[in-house]
Amino acid sequence: QVQQVESGGGSVQAGGSLRLSCRASEYASSSYCMGWFRQAPGKEREGVASIDSDGIFHYADSVKGRFTISRDNAKNTLYLQMNSLKPEDTSMYYCGGVCSDYIGNTIPSNVLDAWGQGTLITVTS
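Residues numbered from 1 in each chain as written. Predicted model: local features only at pLDDT ≥ 70, side-chain atom pairs only at ≥ 80, totals over all residues. Heavy atoms only, no water.

**What to know about the overall build of the chain**
What the chain contains, in helices and strands, is 1 helix and 11 strands. Secondary structure of the chain in N-to-C order comes out as β-β-β-α-β-β-β-β-β-β-β-β. Its C-alpha atoms give the chain a radius of gyration of 13 Å, near enough to 14 Å, the size a compact globule of 125 residues would have. Within the chain, buried positions represent 42% of all 125 residues. Contacts spanning at least 24 positions in sequence make up 62% of the contacts within the chain whose residues lie at least 6 apart. Accessible surface, the chain: about 6,700 Å² in total, of which carbon and sulfur atoms supply 44%. Here the chain contributes 10 positive and 12 negative side-chain charges, whose respective centroids are spaced 7 Å apart. (Helix = DSSP H or I, 4+ residues; strand = E, 2+ residues; numbered from the N terminus. Rg over C-alpha atoms; globule rule 2.2 N^0.38 Å. Buried < 20%, exposed > 50% of the residue type's maximum accessible area, 1.4 Å probe, protein only. Contact = heavy atoms within 4.5 Å. Areas by Shrake-Rupley, 256 points an atom, 1.4 Å probe, with all protein chains shown as cover. Lys, Arg positive; Asp, Glu negative; His and termini not counted. Charge placed at Lys NZ, Arg CZ, Asp CG, Glu CD.)

This is the structure:
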């Protein structure tokens with residue numbers, strides 16, 4: 001039995017919603033920034049949403065207005081509410097020390113590590 005850091009993924013029809021949760025020990029020690037990134041097969045990692053050290057939210061243009069990042073410090077948990085999902089959103093989603101510089105941009109593999117194994121989101125037409 002292994003605790004999963006990222007959870008909430010699954011298969012959903014286009015236009016549907018999912019809520020991802022990220023519970024990690026790294027959350028409490030992170031005083032800089034945190035967020036979500038995704039990686040689809042054959043593609044580079046892409047920053048999706050983040051919260052910086054000042055509590056400011058950042059979103060990739062591709063998800064702006066559809067995704068909402070939030071957190072619960074008491075539970076050491078980061079969330080990503082995903083609404084109006086599109087097939088293009090299909091990917092593995094990871095949480096980690098994602099800063100605003102990488103939101104909407106490619107994240108080199110050597111820059112940061114995911115806090116968990118990721119959770120798969122599949123959006124069907």
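**A word on unusual backbone geometry**
In this structure, N76 is a non-glycine residue whose phi angle is positive, near 50°. Along the chain, the position of N76 falls in the loop between β7 (67-72) and β8 (77-82). By relative accessible area, N76 is classed as partly exposed at 25%. In this structure, S84 takes a positive phi of about 50° despite not being glycine. Mapped onto the elements of the fold, S84 is located in the loop between β8 and β9 (91-96). Look at S84 and you get partly exposed, because its relative accessible area is 40%.

**A look at the pairing of strand β3 (residues 18-23)**
In this structure, strand β1 (residues 6-7) lies alongside β3, joined through 2 bridges in antiparallel fashion. Bridged to E6 within β3 is C22. Relative to β8, β3 is paired through 6 bridges, and the arrangement is antiparallel. Looking at the pairing, S21 lines up with Y79 of β8. (Pairing = 2+ DSSP bridges.)

Worth remembering: the numbers are spatial, not functional.
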